[in-house]
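Here are the chains, one letter per residue:
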Amino acid sequence: MSTDFLTDISKTLEEIKADGLYKRERMITSPQGGEIKVGDAAVINLCANNYLGFADHPDLISAARGVMDDKGFGMASVRFICGTQDIHRELEQRLAKFLGKDDAILFAACFDANGGLFEPLLGPEDAIISDSLNHASIIDGIRLCKAKRYRYLNSDMNDLEAWLKQAREDGARHIMIATDGVFSMDGYLAKLPEIRALADKYDAIVMVDDCHATGFMGATGAGTPEHFGVDVDIVTGTLGKALGGAIGGYIAGPQPVIDLLRQRARPYLFSNSLPPSIVAAGLEAIRLVEEGNGLRAQLFENAKYWRAGLEELGFDLLPGEHPIIPVMLGEAQLAQDMASRLFDEGVYVSGFFFPVVPRGQARIRTQMNAALTRDELDRALAAFGKVGKELGILS
């Protein structure tokens, strides 16, 4: 390989390190959970998307293990060749019913679902209007589509309406509004009632990525549309967060939409099918969610207690009702230093900084889950208070 090329790559890496933006990974030696082991150290985990504590749930593990005797380990094929088992369709239909849609289609991840959604459905004569804080997978999926692209300021309904007017004036045939249901860096909820009203006014389609809501937001856990009591047209989501924490994404929506995606969504057509163990665990996760009002209640009780504790200590928090509770620090190096010191105190968190969040808005993103105990939360609050004072964040 070219020496000059490797030299340039190494220079870029050194610049990332010098700017305090280099990401390092810790090796977990236990199952994912409210308390985990990193090497030999036991730490309280406050940075996983394990909202309902399903990542090490014995029922999911049993379902995943048990199905392999009957269905095998992997599919070794894409869906339309020889990669579809009866349980794949069962999971799709269960997801559709759970979300109140005609049908659903599975992908390897929600990144693939969002990557495969837009291009088959929309062409050059159409338009997509996307929230400025949407997940990278939505941004990348839109880039693959030939529709005209517009971007509105985060949750700014006046700006959204202005772009809807512009798209209509530009002669758009179909308009799709694309938004996260929950903006994952901030924990903010999209303004779905207002978005739905504007979509109806301008005859637009509403697409919601509900990865950080499916399973626990809403009366039955069906996500932000249920939480707000509104109907959206297309929902994308994941099995990799509240629904077990493994892999797997999906799109749910009207039957013709799902049928066309089966024919033309490239990540679906050219990626291996989900392994049987993941599918079986996904089915079990939905069953647990449907029976799990107590888990959802515990999750939000933990979130309320944690937020109140951080506020009492004096940390700068973003407002919200979601179990994502960011602690705002500003500088990337400070976020990394705080994460490192908290780890020394037995608390596992991660610093988030550019390019994941804008420059100057570095933070520790804490996340609650139903498996965390009050004792663990109290110990974590004590660690936050100690480290916050040592680093000069708290007076």
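If you're wondering where the values come from, they're calculated on a predicted model, not measured in any experiment.

Enquirer: For the overall build of the protein, give the residues involved together with the corresponding values.
Expert: Tallying secondary structure elements over the protein gives 15 helices and 15 strands in all. For the protein, whose C-alpha radius of gyration is 22 Å, the value lies close to the compact-globule estimate of 21 Å for 395 residues. With the C-alpha coordinates of the protein rotated into their principal frame, the extents come out at 60 × 55 × 55 Å. In the protein, which comprises 395 residues, the share counted as buried stands at 53%. For the protein, the share of sequence-separated contacts (at least 6 apart) that also reach a separation of at least 24 residues comes to 69%. Only carbon and sulfur atoms are counted for the fraction: they give 52% of the accessible area of the protein, which is about 17,600 Å². Of note, the protein has its 40 positive side-chain charges centred 2 Å away from the centre of its 55 negative side-chain charges.

Enquirer: For the nonpolar core, give the residues involved together with the corresponding values.
Expert: In terms of nonpolar packing, the biggest core is built from 68 residues, with Leu46, Trp306, Leu310, Met368 and Phe384 touching the most fellow members. The biggest single contributor to this core is helix α12 (residues 276-290), with nine residues. Within the second largest apolar cluster, 25 residues are counted, among which are Phe107, Ala265, Tyr268 and Leu269.

Enquirer: I'd like a rundown of the sheet that holds strand β13 (residues 347-348), residues and numbers included.
Expert: The mixed open sheet is built from three strands, whose spatial order is β1-β2-β13. Strands at the two margins of the open sheet, each flanked by one partner only, are β1 (35-38) and β13. Relative to strand β2 (residues 41-45), β1 runs antiparallel, the two being bridged by four bridges. Bridging from a neighbouring strand, Ile36 pairs with Val43 of β2.

Enquirer: Before we move on, could you go through the layout of surface pockets and cite the residues and values that matter?
Expert: In this structure, the second largest pocket encloses a volume near 240 Å³. For the second largest pocket, the lining is made up of 19 residues, of which Ala55, Leu60, Gly244, Ala246 and Ala281 are closest to its centre. Elements that contribute at least two residues to the lining of the second largest pocket include exactly α2 (58-71) and α12. Residue contributions to the lining of the second largest pocket peak at four residues, all from α12. Along the lines of polarity and charge, the residues of the lining of the second largest pocket split into twelve nonpolar, six polar and one charged.

Enquirer: Give a detailed account of the pairing of β1, specifying residues and quantitative values.
Expert: Only one face of β1 is covered, namely the face carrying Ile36 and Val38; the face carrying Glu35 and Lys37 is uncovered. Here β1 folds back onto β2 in antiparallel fashion, the turn holding two residues, of which Gly39 has a positive phi close to 65°.

Enquirer: Provide a residue-level description of the side chain of Glu376, including the pertinent values.
Expert: Considering the arrangement of structural elements, one finds Glu376 in helix α15 (residues 374-390). Within the structure, Glu376 has its side chain in polar contact with the backbone nitrogen of Thr373 (distance 2.9 Å). The residues contacting Glu376, other than those within four sequence positions of it, are Glu35, Ile44 and Ala371.

Enquirer: With reference to specific residues and values, describe empty space enclosed by the protein.
Expert: With the rule as written, the count across this model stands at one cavity of 30 Å³ or more. Empty space within the largest cavity amounts to approximately 80 Å³. Forming the boundary of the largest cavity are Arg79, His88, Leu106, Phe107, Ala108, Pro267, Tyr268, Ser271, Asn272, Ser273 and Leu274. Counted by class, the lining of the largest cavity contains six nonpolar, four polar and one charged residues.

Enquirer: Please set out a nonpolar patch on the surface residue by residue, giving values where relevant.
Expert: A cluster of nonpolar side chains, Met1, Phe5, Leu6, Ile9 and Leu13, forms an exposed patch at the surface whose accessible area comes to about 520 Å². Mapping Leu13 onto the fold places it in helix α1 (residues 3-18).

Enquirer: Before we move on, could you go through the environment of Arg287 and cite the residues and values that matter?
Expert: You can see Arg287 is positioned in helix α12. A C-alpha to C-alpha distance of 27 Å links Arg287 and Leu192, two positions 95 residues apart in sequence. A polar contact of 3.0 Å, which involves the side chain of Arg287, links it to the side chain of Glu291.

Enquirer: So what's going on with helix α7 (residues 157-169)? Residues and values would help.
Expert: The first and last C-alpha atoms of α7 sit 18 Å apart over 13 residues, in line with the 18 Å expected at 1.5 Å per residue. Where α7 is concerned, the buried positions are Met157, Asp159, Leu160, Glu161, Leu164 and Ala167. On its buried face, α7 is in contact with β4 (127-131), β5 (148-152), β6 (175-180) and α8 (192-201). By the N-cap criterion, in which a side-chain oxygen at the helix start approaches the backbone nitrogen of a residue two or three places on, α7 is capped by Asp156, the distance to Asn158 being 3.1 Å. After α7 finishes, the residue Gly171 shows a positive phi value of roughly 85°.

Enquirer: Quick one: what's the story with the pattern of salt bridges, residue by residue and with numbers?
Expert: The final tally for this structure, using the stated rule, is 27 salt bridges. Between Lys71 and Asp70 there is a salt bridge, with its nearest N and O atoms 4.0 Å apart. Of the residues examined, Asp70 reaches a relative accessible area of 61% and is grouped as exposed. Residue Arg374 pairs with Glu301 through a salt bridge whose shortest N-O separation is 3.4 Å.

Enquirer: I'd love a proper account of the packing of α2 against α12, names of residues and values included.
Expert: Put simply, α2 and α12 touch, their axes get as near as 8 Å, and they point 140° apart. In terms of orientation, α2 and α12 fall into the oblique class. As α2 runs across α12, the sense of the crossing is right-handed. In contact with Asp59, Leu60, Ala63, Ala64, Val67, Met68 and Lys71 of α2, α12 contributes Pro276, Ser277, Ala280, Ala281, Glu284, Ala285, Arg287 and Leu288. Across the contact of α2 with α12, the residue classes tally to ten nonpolar, one polar and four charged.

What counts as what
- Residues numbered from 1 in each chain as written.
- Predicted model: local features only at pLDDT ≥ 70, side-chain atom pairs only at ≥ 80, totals over all residues.
- Heavy atoms only, no water.
- Helix = DSSP H or I, 4+ residues; strand = E, 2+ residues; numbered from the N terminus.
- Rg over C-alpha atoms; globule rule 2.2 N^0.38 Å.
- Buried < 20%, exposed > 50% of the residue type's maximum accessible area, 1.4 Å probe, protein only.
- Contact = heavy atoms within 4.5 Å.
- Areas by Shrake-Rupley, 256 points an atom, 1.4 Å probe, with all protein chains shown as cover.
- Lys, Arg positive; Asp, Glu negative; His and termini not counted.
- Charge placed at Lys NZ, Arg CZ, Asp CG, Glu CD.
- Core = buried A, V, L, I, M, F, W, Y, C linked by side-chain atoms within 4.5 Å.
- Pairing = 2+ DSSP bridges.
- 1 Å grid on protein atoms, 1.4 Å probe; cavity = no way out; pocket = protein on both sides within 12 Å on 5 of 7 lines; lining within 4 Å.
- Points joined across faces, edges and corners; volume = space filled by probe spheres on them.
- Nonpolar A, V, L, I, M, F, W, Y, C, P; charged D, E, K, R; others polar.
- Polar contact = N/O pair within 3.5 Å; in protein donor to acceptor, adjacent residues only side chain to side chain.
- Patch = residues over 30% accessible without salt bridge, like charges linked within 9 Å, V, L, I, M, F, W, Y side chains within 5 Å.
- Salt bridge = Lys/Arg side-chain N within 4 Å of Asp/Glu carboxyl O.
- Expected span 1.5 Å × (residues − 1).
- Axes fitted to C-alpha atoms, helices over the stretch in contact; angles between N-to-C directions.
- Parallel < 35°, antiparallel > 145°, perpendicular 65-115°, else oblique.
- Left-handed = near helix turned anticlockwise from the far one by under 90°.

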